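Here's the letter readout for the chains.
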Amino acid sequence: MKNLSRRTFLRGAGLGGAAIRIGLPALDAMFNTNGTAYAATTHGADTQIPSRFVLWFNGNGIIERYWIPRETGENFNLTPCLEPLARFQDKVHVISGLDSPTARDPGPGNDHHRSMSSLMSGVSFTGRGAGGPSIDQVIAREIGRDSRFRSLQIGVCQESFGESIQRNMSWADRDRPLPPEMLPQRLFDRLFGSKEAQWIDRKKSILDAVRDDAASVRGSLGSTDQVRLDEYLSSVRDVEKSVASLPPEYNEVVERPAEGGDLKDWPRIAKLQSDLLVHAFASGQTRVASYMLTKCQGLSRFPWLGHTGQRHHEYTHGAVETPGWAARVARHQSLACRGVRLPVGEARIDAGGRRHDARQYVVGDGP
Amino acid sequence: MLDNTLLVMVHEHAEANAHKNSGLAVLVAGGVGGLKKGRHSRIPGTIGDLYLTLASEVMKTRVEKFPTAYKKLDEIA
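Keep in mind that what you see is a predicted model, and the values were worked out from it rather than measured.

A. Region of interest: the packing of aromatic side chains. This model, assessed by the stated rule, comprises two aromatic pairs over all chains. With centroids separated by 4.5 Å and ring planes inclined at 45°, the aromatic side chains of F188 of chain A and F192 of chain A adopt a geometry described as tilted. You can see F188 of chain A and its partner F192 of chain A sitting in helix α5 (residues 184-192), four residues apart, about one turn around the helix. Each of the two residues, F188 of chain A as well as F192 of chain A, counts as buried. Ring centres of Y51 of chain B and F66 of chain B lie 5.6 Å apart, and the angle between their planes is 85°; on these two criteria the pair is classed as edge-to-face. Of this pair, Y51 of chain B sits in helix α1 (residues 47-58) while F66 of chain B sits in the segment after α1, and the two are 15 residues apart along the sequence.

Okay, structure coming up:
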């Protein structure tokens with residue numbers, strides 16, 4: 001079995017001739033004989049199994065008594081907001097007590113603008129932007145060079161007062177935001193190349209476009225890899241169907257919705273965006289992502305919990321004292337966004353030299 | 001996949017009503033590098049200290065500085 005490049009895409013043409021590309025997950029055929037690194041089939045390609053970085057953001061702040069654990073060390077009790085992560089308690093490090101000093105620098109904007117800038121770049125809000133690159137972009141500059149996307153910026157909730165420092169968490173430099181893609185359909189198109197209008201209305205899948213290439217690649221693989229490929233393409237089909245089944249109002253950006261508007265089921269969007277991020281990582285298309293659940297000074301409502309009377313901003317400022325709402329939001333976010341179970345992961349070698357699949361659950365996002 | 005991913009979850013503020021930006025709570029997760037896990041640490045550092053520690057000691061990039069980063073945090077890695 002010849003070595004397959006980690007960068008292999010399944011290629012095809014959509015109905016209108018648009019290029020379709022579906023990235024591949026890690027397969028045995030891509031590894032060297034030790035299974036510890038990719039076989040370098042492209043001159044200069046990185047052979048180390050890559051690490052990835054995700055910066056996840058939620059706006060407005062927390063209610064500390066529901067979030068921060070009372071105890072420190074390894075035996076800490078999960079608070080209501082952290083309780084949905086119980087299965088992952090041994091994989092997380094909860095940190096409290098950190099300071100964001102430049103948020104208190106005198107200068108333009110309100111507390112939200114200044115906090116956001118300081119949190120993302122460590123630099124005071126300039127009145128227009130974050131004053132410097134955000135940490136995800138600092139890391140992307142180092143590790144994103146060889147990826148199809150240096151980084152991906154993903155978002156969920158749209159509701160915002162509208163200024164740049166409120167709408168964006170990723171900054172390439174002092175004045176240049178990198179806006180999050182908030183529409184699953186558009187994120188799907190970026191990852192899989194199906195830019196044809198109304199592809200979601202058609203009965204055909206983008207997998208149809210790459211059928212010949214998929215069969216050709218599959219034919220060159222060993223049986224274990226064939227199973228992996230089949231399961232992976234099946235998961236692509238699942239996420240494609242989930243995107244295609246979104247109601248039309250979920251495919252448009254409306255930042256300042258009408259007073260009775262913005263009643264979307266945004267855990268549904270959050271989960272789909274998480275699934276797409278996992279696919280982007282699994283197919284090696286990027287190593288860095290930012291994920292903006294709600295906006296800085298965000299205005300989202302919580303219709304699926306029955307909380308539509310006020311917006312996110314008012315709830316966090318105690319305008320409506322609804323006991324435990326923070327915990328319920330966090331729980332629902334975590335349950336809805338617990339992520340997708342991918343059939344393949346990065347493989348590992350045990351002491352006997354045997355390859356093992358890493359079948360991992362991944363947390364898409366949390367409280 | 002979590003084994004090869006570093007996830008950092010931040011909120012805009014600590015106590016929201018006060019727009020508090022000291023005592024921030026951050027969740028870090030994943031299996032990359034020497035990240036210490038399965039615990040809660042109260043750390044008297046800056047968010048910049050955390051970012052630099054993660055970029056340098058956990059992700060092992062060549063990042064050597066970040067605004068408001070003054071020290072590496074031993075509690076993390």
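Back to the text.
B. Looking closely at the nonpolar core. Residue and element names in this part refer to chain A. Membership of the largest hydrophobic core comes to 64 residues, with the highest contact counts inside it found for I22 and W67. In terms of residue count, helix α9 (residues 266-282) provides more of this core than any other element does, nine residues in total. Within the second largest apolar cluster, 44 residues are counted, among which are L98, M120, M169 and M292.

C. A look at the state of the cysteines. For the structure shown, the criterion picks out zero disulfides over all chains. C157 of chain A supplies the cysteine sulfur nearest to C296 of chain A, a cysteine that is in no disulfide, at a spacing of 14 Å.

D. Up close: the sheet that holds strand β4 (residues 92-98) of chain A. The strand order across the open sheet formed by seven strands is β5(A)-β8(A)-β3(A)-β1(B)-β2(B)-β4(A)-β3(B), and the pairing between neighbours is mixed. This sheet does not close on itself; its edge strands, each paired only once, are β5 (152-155) of chain A together with β3 (39-42) of chain B. Across this sheet, the average inter-strand angle for adjacent strands is 15°, counted without regard to direction. By the bridge criterion, five bridges tie β4 of chain A to strand β2 (residues 24-30) of chain B in an arrangement that is antiparallel. Residue V92 of chain A lies in a different strand from β2 of chain B, and its bridge partner there is A29 of chain B. Of the strands in this sheet, β3 (52-58), β5 and β8 (288-292) of chain A touch helix α3 (residues 135-143) of chain A, which is tilted by about 160° from β8 of chain A.

E. Region of the structure containing the interface of chain A and chain B. Every contact between the two is made by 79 residues of chain A and, on the other side, 54 residues of chain B. A buried area of about 6,100 Å², summed over both sides, lies between chain A and chain B, and 59% of it is on carbon and sulfur atoms. When the buried area of chain A at its contact with chain B is split by residue, H93, I95 and L98 of chain A rank highest and sum to 14% of it. The interface formed by chain A and chain B contains three salt bridges. Residue K20 of chain B pairs with E64 of chain A through a salt bridge whose shortest N-O separation is 2.7 Å. Our enumeration of links across chain A and chain B arrives at 45 residue pairs in polar contact (both at pLDDT 80 or more). Looking at the side of chain A that touches chain B, the elements that each hand over two or more residues are β3, α1 (64-67), β4, α2 (111-121), α3 and α9 of chain A. For the side of chain A that touches chain B, the residue count by class is 39 nonpolar, 23 polar and 17 charged.

The rules we used
- Residues numbered from 1 in each chain as written.
- Chains lettered and ligands numbered in written order.
- Predicted model: local features only at pLDDT ≥ 70, side-chain atom pairs only at ≥ 80, totals over all residues.
- Heavy atoms only, no water.
- Phe/Tyr/Trp six-rings, centres within 6.5 Å; stacked < 30°, edge-to-face > 60°.
- Helix = DSSP H or I, 4+ residues; strand = E, 2+ residues; numbered from the N terminus.
- Buried < 20%, exposed > 50% of the residue type's maximum accessible area, 1.4 Å probe, protein only.
- Core = buried A, V, L, I, M, F, W, Y, C linked by side-chain atoms within 4.5 Å.
- Disulfide = S-S within 2.5 Å.
- Pairing = 2+ DSSP bridges.
- Axes fitted to C-alpha atoms, helices over the stretch in contact; angles between N-to-C directions.
- Contact = heavy atoms within 4.5 Å.
- Buried area = accessible area lost by both parts, 1.4 Å probe.
- Salt bridge = Lys/Arg side-chain N within 4 Å of Asp/Glu carboxyl O.
- Polar contact = N/O pair within 3.5 Å; in protein donor to acceptor, adjacent residues only side chain to side chain.
- Nonpolar A, V, L, I, M, F, W, Y, C, P; charged D, E, K, R; others polar.

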